[in-house]
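Each chain, written out:
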Amino acid sequence: MKLLVTGAAGFIGSTYARLAAGEHDVTVLDKLTYAGRRENLEEVEHVFVHGSISDPGIVRKAMEGCDAVVNFAAESHVDRSIAGQDPFVETHVIGTGVLLEAARQLGVARYLQVSTDEVYGSIASGSFTESSPLDPSSPYSATKAAGDLLVSSHVHTHGIEAVICRGSNNYGPRQYPEKLIPLITLNALQGDRLPVYGDGRQVRNWLFVEDFARAIHLVLQEGEPGRVYNVGGPDECENIDVVRRVLALAGRDESLIEYVTDRPGHDRRYSLCSDRVRELGWQAQVHFEEGLTRTVQWYRDNEPWWAPIRSGEYREYYERQYGRVLGR
Ligand code: NAD
Ligand code: DAU
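Residues numbered from 1 in each chain as written. Chains lettered and ligands numbered in written order. Predicted model: local features only at pLDDT ≥ 70, side-chain atom pairs only at ≥ 80, totals over all residues. Heavy atoms only, no water.

> Any chance you could explain the packing of helix H6 (residues 180-190) against helix H10 (residues 288-301) here in plain terms?
Packed helices, taken two at a time, are described by the angle their axes make and the gap between the axes. Contact pair H6 / H10: the axes reach a minimum separation of 10 Å and the direction vectors enclose 55°. Considering their axes alone, H6 and H10 lie oblique with respect to each other. Between H6 and H10 the crossing geometry is right-handed. Counted together, Ile181, Pro182, Thr185, Leu186 and Leu189 of H6 and Phe288, Leu292, Thr295, Val296, Tyr299 and Arg300 of H10 form the full contact between these two elements. (Axes fitted to C-alpha atoms, helices over the stretch in contact; angles between N-to-C directions. Helix = DSSP H or I, 4+ residues; strand = E, 2+ residues; numbered from the N terminus. Parallel < 35°, antiparallel > 145°, perpendicular 65-115°, else oblique. Left-handed = near helix turned anticlockwise from the far one by under 90°. Contact = heavy atoms within 4.5 Å.)

> Would you explain the site of ligand 1 in this entry?
Taken together, 29 residues lie near ligand 1, and Ile12, Asp30, Ser76, Tyr140 and Lys144 sit nearest. The backbone of Phe11 places a nitrogen or oxygen atom 3.0 Å from an oxygen atom of ligand 1. Backbone polar atom of Ile12 to an oxygen atom of ligand 1: 2.8 Å apart, as the coordinates give it. Protein coverage of the free-state accessible area of ligand 1, which is 840 Å², stands at 97%. Of all the secondary-structure elements, those providing two or more residues to the shell around ligand 1 are helix H1 (11-20), strand S5 (110-116) and helix H5 (139-158). No other element matches S5, which puts three residues into the shell around ligand 1. Residues belonging to the shell around ligand 1 are distributed by class as follows: eleven nonpolar, 15 polar and three charged. (Near = heavy atom within 4 Å. Polar contact = N/O pair within 3.5 Å; in protein donor to acceptor, adjacent residues only side chain to side chain. Areas by Shrake-Rupley, 256 points an atom, 1.4 Å probe, with all protein chains shown as cover. Nonpolar A, V, L, I, M, F, W, Y, C, P; charged D, E, K, R; others polar.)

> Even after reading the chapter, I still don't get the site of ligand 2, so can you show me in this structure?
Around ligand 2, a shell composed of 22 residues is seen, among which Asp117, Tyr140, Asn169, Arg263 and Tyr322 lie nearest. Arg263 places a side-chain nitrogen or oxygen 2.6 Å from an oxygen atom of ligand 2. Burial of ligand 2 by the protein amounts to 95% of the accessible area it has alone, namely 690 Å². Split into classes, the residues belonging to the shell around ligand 2 amount to eight nonpolar, eight polar and six charged. Both of domain 1 (2-169 + 208-231) and domain 2 (171-204 + 234-266 + 286-319) provide at least three residues apiece to the shell around ligand 2. (Domains from an automatic or database assignment.)

> Help me understand the packing of helix H4 (residues 86-106) against H5, please; the structure alone is not making it clear to me.
Here H4 crosses H5 at 15°, and the two axes come no closer than 8 Å. When the axis of H4 is compared with that of H5, the two are roughly parallel. Here H4 and H5 pass one another in a crossing that is right-handed. Contacts between H4 and H5 involve Phe88, Val89, His92, Val93, Thr96, Gly97, Leu100, Glu101 and Arg104 on the former and, on the latter, Tyr140, Thr143, Lys144, Ala146, Gly147, Leu150, Val151, His154 and His158. Grouping the amino acids of the contact of H4 with H5 by side-chain chemistry returns eight nonpolar, seven polar and three charged.

Shown next as structure tokens:
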């Protein structure tokens, strides 16, 4: 197959491109926002197109001759969506619409939308299935839900062969350090304080990034057109427990923990039922303990990857978000 993979200079997309490039021809379309980096695609055979999924001309050129599209392109951080929603609307709503329209016009055989468990909102007990109602809380999740609804509308109205994968919280190598696990890992390694929102008892369902990439590849090939597939991680964990585990792996004590003002509208717990993707033969292979050990080790070993981030735009973001200056 010839695949167009959008947003593949980011965390999950680059992991997916690494997996898919062994079997298929990969073209990457990426805008290279603050989160997109060409280095993430080192050693991945691909054709690179620089541009936005909301630009119809560039999208059409990049998509011509492709058999399938996998759309990872996104603004992926909830806190940034609370600070300003415009790029979230532009990429998740306008951008998804442009991709779908091009896929329809060019007769692309398969389209996969990468989405998130956050579209369902928070759940106190039990787990969301694919037929649970959408009830997003943040501008990030609301615009992701809008993108999903556009995909479904193109399936119903135009008959395009699209599937949606809703993943839970990913972690692993090459994740931008605005997200909880890489942020606290680097802060712990550097001796900076670890900011914990609210009481730190929020629960997330952790999924190692390579497991998500494998699920996406399986659903692209075997998923039933028009269906949604939840992909949840094998382990649920309270944030404070994640923080304590990372401190132990980094060899630091708990005096670095700092409770800070909670995220507005903070979802308390996410949980997904993943029976449908399991029926296709997927199973998570990496449990949290192993995945977290591998992740902390990766950040220890890859300072040339993260040092430029911690000295650039991220420093200003950190100061705005946390009201404190990051150490070196
Ligand atoms: P990321 O922020 O690391 O990467 C996003 C990539 O998209 C970057 O390379 C960026 O340059 C690119 N991009 C942004 N806007 C673009 C545009 N308009 N046109 C082209 N490229 C654009 O994000 P990630 O964590 O790898 O997430 C990838 C996808 O997976 C997103 O759709 C996200 O909603 C979804 N997802 C993420 C998680 C998670 O825990 N990170 C979990 C479930 C689903
Ligand atoms: O659930 C899937 C989603 O997971 C993806 O769709 C998003 O793209 C991804 O960013 C992630 O969203 P979260 O908001 O859950 O991830 P984040 O890493 O920002 O936060 C995880 C938890 O940790 C959440 O409860 C907020 C908390 N947190 C986060 C940060 C950055 C803190 O306590 N302190 C922090 O500094």
